[in-house]
Amino acid sequence: MPENTLCALLCCSTMSAKSAISKEIFAPLDERMLGAVQVKRRTKKKIPFLATGGQGEYLTYICLSVTNKKPTQASITKVKQFEGSTSFVRRSQWMLEQLRQVNGIDPNRDSAEFDLLFENAFDQWVASTASEKCTFFQILHHTCQRYLTDRKPEFINCQSKIMGGNSILHSAADSVTSAVQKASQALNERGERLGRAEEKTEDMKNSAQQFAETAHKLAMKHKC
């Protein structure tokens, strides 16, 4: 199977899983999922067999969500899907205020690796793709800026597009600004055209009036 086709299939599968997670895990609690990233651990943890329930292999997703009720509360949740199951299970959860550090590992290249440091936990992850990690980081950074007022987590070793001008959020804002500027320019140009049309109309009116006065004088002259 061609690599592009395989990537497309994986992307569709991941998007389908995220949609299902949003409906199964967060919607029933009146929460809204803002973003998620499929991950694997970079370093294996020694977890007792009983702690996992003995359910075998599983997929892991790190999800970011907010409550619909005010005041808005944001949280990060670890969700798993065990092999052979179509449902998802909520595992660990942290309030966004507990997030202390987000480590992008390498600011100079696209990397799927990242670390999350909480008050009482530390995990080293590898996202399914570098682009998926980048998108999740952009959403996470924006959410921290929006909902955290006091102590915000430290973002280190992150590419500039995650923190600033090239993010999808800033791109959207730039698109809106560009559209407004184009609309404003179009209105100005239309106003200038209308102004020129009004000037021409006034000139024609004056010319017609002068012609009428001249014609009247000629008519009076010949009448005499």
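Source: prediction; values computed, not measured. Counting from 1, residues in each chain are numbered in the order their sequence is written. Where totals are concerned, whole chains, interfaces and linings use all residues; where local detail is concerned, this predicted model gives features only for residues with pLDDT of at least 70, and gives and counts side-chain atom pairs only at 80 or more. Note that the side-chain values use all heavy atoms of the structure and ignore hydrogens as well as water.

Colleague: How should I be thinking about unusual backbone geometry in this particular structure?
Modeller: With glycine set apart, most residues show a phi of negative sign, and most peptide bonds adopt trans. Note the cis peptide between K70 and P71, where omega equals -5 degrees. Residue placement: P71 occurs in the loop between strand 2 (58-67) and strand 3 (74-82). Even without being a glycine, D30 presents a positive backbone phi close to 60 degrees. You can call D30 partly exposed: its relative accessible area is 35%. Within the chain, N157 stands out as a residue other than glycine whose phi angle is a positive 55 degrees. Within the secondary structure layout, N157 lies in the loop between strand 8 (154-156) and helix 3 (160-163). To qualify as a helix, a DSSP run of H or I must reach at least 4 residues; to qualify as a strand, a run of E must reach at least 2; elements of each kind are numbered from the N terminus. Partly exposed residues are those whose accessible area sits between 20% and 50% of the maximum for their type, while under 20% is buried and over 50% is exposed, using a 1.4 Å probe and protein chains only.

Colleague: Quick question: what am I supposed to make of the sheet that holds strand 5 (residues 99-103) here?
Modeller: Whether parallel or antiparallel, the strands of a sheet pair through hydrogen bonds between backbone atoms. Paired strands, as defined in this entry, are two strands with at least two bridges between them according to DSSP. Judged by pairing direction, the sheet is mixed, and its eight strands sit side by side in the order 4-3-2-1-7-6-5-8 without closing on themselves. Two strands close off the open sheet at either side, each with one partner strand: strand 4 (89-95) and strand 8. With direction set aside, neighbouring strand axes in the sheet form an average angle of 30 degrees. In this sheet, strand 6 (residues 113-118) lies alongside strand 5 in antiparallel orientation, the contact comprising four bridges. Paired with N103 across the two strands is D115, which belongs to strand 6. Along the sheet, helix 2 (residues 130-147) contacts strand 1 (31-41), strand 2, strand 3, strand 5, strand 6, strand 7 (122-127) and strand 8; its crossing angle with strand 1, the most-contacted strand, is approximately 135 degrees. Whenever a helix is involved, its axis is fitted only over the stretch in contact; in every case the axis is a line through C-alpha atoms, and angles between N-to-C directions fall within 0 to 180 degrees. Residues count as neighbours in contact if any of their non-hydrogen atoms are within 4.5 Å of one another.

Colleague: Honestly, the packing of aromatic side chains in this entry has me stumped. Any pointers?
Modeller: Here a ring pair, both rings aromatic, is described through the centre-centre distance and the interplanar angle of the planes. Centres within 6.5 Å make a pair out of two Phe, Tyr or Trp rings, where for Trp the six-membered ring is used; the pair is then stacked when the planes are under 30 degrees apart, edge-to-face when over 60, and tilted otherwise. Scanning the entire structure with this criterion turns up four aromatic pairs. Judged by centre distance (5.5 Å) and plane angle (65 degrees), the ring pair of Y58 and F82 falls under edge-to-face. Of this pair, Y58 sits in strand 2 while F82 sits in strand 3, and the two are 24 residues apart along the sequence. Relative accessible area serves as the criterion here: at 6%, F82 is assigned to the buried category. Seen from their ring centres, F114 and F137 are 5.4 Å apart, and the 80 degrees between their planes marks the pair as edge-to-face. Separated by 23 residues along the polypeptide, F114 in strand 6 and F137 in helix 2 bring together distant segments of the chain. Like F137, F114 is buried.

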